[in-house]
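The lines below spell out each chain.
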Amino acid sequence: MSTTIDTAPLELTERAERPRPSLSDAMAWEMSKLAAQARARWTLLVGLVAPILIVVVLNQQQRPPKDSLYGRYIHQSGFAVSLLVLGFASQWVLPLLTALVAGDIFASEDQHGTWKTVLTRSASRGQLFWAKTITAVGFAVAVLLAIAASTIVSSVVIVGHQDLIGLTGQVIPSPTAARLVIASWATALAPLLGFTCLAIVLSVRSRNPAVGIAAPVVIGMVMQLVGTLGGLEALRPLLLTTPFESWHGLLAQNPFHGPLISGLAVSAGWSALCLAAAFLDLRRRDITGG
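Residues numbered from 1 in each chain as written. Predicted model: local features only at pLDDT ≥ 70, side-chain atom pairs only at ≥ 80, totals over all residues. Heavy atoms only, no water.

Novice: Explanation requested: the nonpolar core in the structure shown.
Specialist: Across soluble globular proteins, nonpolar side chains show a tendency to be buried alongside one another. Counting 66 residues, the largest nonpolar core has L164 and W185 as its most contacted members. The contact partners of L164, leaving out residues within four places of it in the chain, are Y70, S77, F79, A80, L83, Q170, V171, I172, A177 and L251. (Core = buried A, V, L, I, M, F, W, Y, C linked by side-chain atoms within 4.5 Å. Buried < 20%, exposed > 50% of the residue type's maximum accessible area, 1.4 Å probe, protein only. Contact = heavy atoms within 4.5 Å.)

What follows is the structure, given as structure tokens:
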């Protein structure tokens with residue numbers, strides 16, 4: 001009896017002196033969980049390997065896809081192949097790949113009933129929210145880097161680094177074309193992060209991984225459809241899919257950056273609204289049940 005009485009204050013003291021987890025601790029935990037997921041590793045592997053296979057297939061085609069932007073030039077320059085793949089990937093591939101993690105990173109806690117467990121580790125909801133968000137954003141950046149690097153390198157190696165024909169018919173020398181192609185892929189980062197935040201809010205609100213993963217892709221396809229409809233031109237600049245096309249201005253005879261600037265603003269607006277809605281939903285949620 002005396003032993004129990006004597007050790008109880010000591011246990012309470014040790015518990016009180018135990019340092020509270022920081023945001024970096026929560027991030028390290030979330031990143032370790034992500035690294036352990038086979039889905040995340042396979043996604044990055046596909047991002048590295050699939051572009052190589054696509055470039056090989058395109059290079060073997062006798063009839064280039066002339067109805068696609070830069071499709072007619074895929075046998076003339078590897079840079080044209082990179083831009084063709086960029087146009088295709090931005091339609092639904094990039095939103096899907098980022099949603100594989102962002103759409104699941106919150107909903108998986110609901111699916112497994114682990115919210116109560118993770119929140120009793122002395123980490124606040126805010127710390128967990130930003131740790132998961134930063135992890136999802138980091139994965140989106142990694143996916144884009146993997147696909148962009150694999151596409152550009154394989155295109156140049158397999159097809160060549162010949163001069164590129166610009167969108168206004170001008171000839172762009174190879175060194176300049178390389179810089180412009182890299183910059184074009186970089187413009188996809190802002191809308192990709194917008195789709196990441198969209199997947200996050202859907203993951204938080206739906207509490208369903210399937211919805212969090214599939215819904216951003218469906219929404220992106222609907223946005224693309226709306227952007228092609230006549231009479232809705234006023235809505236097109238506000239759609240999250242429109243910034244994926246902002247790289248077109250970089251390849252004109254006289255480059256223009258208006259679409260790029262507006263695309264950054266639109267992507268930032270979507271990201272801020274989605275994260276605010278997700279944070280408020282998570283903060284108000286009752287997790288006592290698990």
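Novice: Would you mind showing me how to read a nonpolar patch on the surface here?
Specialist: Together, W42, L45, L48, V49 and L53 line one region of the surface with nonpolar side chains, adding up to about 500 Å² of accessible area. Following the sequence through the fold, W42 ends up in helix α3 (residues 38–60). (Patch = residues over 30% accessible without salt bridge, like charges linked within 9 Å, V, L, I, M, F, W, Y side chains within 5 Å. Areas by Shrake-Rupley, 256 points an atom, 1.4 Å probe, with all protein chains shown as cover. Salt bridge = Lys/Arg side-chain N within 4 Å of Asp/Glu carboxyl O. Helix = DSSP H or I, 4+ residues; strand = E, 2+ residues; numbered from the N terminus.)

Novice: Help me understand the packing of aromatic side chains in this model?
Specialist: Given two aromatic rings, their pairing is described by the distance between the two centres and the angle made by the two planes. By the definition in use, this model includes six aromatic pairs. A centroid spacing of 5.6 Å and a plane angle of 40° characterise the contact between F106 and F129, whose relative ring orientation is tilted. In this pair, F106 is assigned in the loop between α4 (78–102) and α5 (107–112) and F129 in helix α7 (residues 125–158), connecting sequence segments 23 residues apart. Under the relative-accessibility criterion, F106 is labelled buried at 1%. According to the relative accessible area criterion, F129 is buried, its value standing at 0%. Between F195 and F244 the ring centres are 6.0 Å apart and the planes differ by 25°, which places this aromatic pair in the stacked class. Linking F195 in helix α9 (residues 189–206) with F244 in the loop between α10 (209–228) and α11 (258–284), this pair joins segments that are 49 residues apart in sequence. For the residue pair F195 and F244, the accessibility class agrees, reading buried in each case. (Phe/Tyr/Trp six-rings, centres within 6.5 Å; stacked < 30°, edge-to-face > 60°.)

Novice: Got a minute to help me understand the packing of helix α2 (residues 23–35) against α7 in this structure?
Specialist: Helix-helix packing: each pair is described by the crossing angle between the helix axes and the interaxial distance. At their nearest, the axes of α2 and α7 sit 8 Å apart, and the two run at 50° to each other. Comparing their axes, α7 and α2 come out oblique. Where α2 crosses over α7, the two elements pack in a sense that is right-handed. Seen from α2, the contacting residues are L23, A26, M27, E30, M31, K33 and L34; seen from α7, they are Q127, L128, W130, A131, K132, I134, T135 and F139. Residues belonging to the contact of α2 with α7 are distributed by class as follows: 10 nonpolar, two polar and three charged. (Axes fitted to C-alpha atoms, helices over the stretch in contact; angles between N-to-C directions. Parallel < 35°, antiparallel > 145°, perpendicular 65-115°, else oblique. Left-handed = near helix turned anticlockwise from the far one by under 90°. Nonpolar A, V, L, I, M, F, W, Y, C, P; charged D, E, K, R; others polar.)

By themselves, these observations are geometric and do not establish any function.
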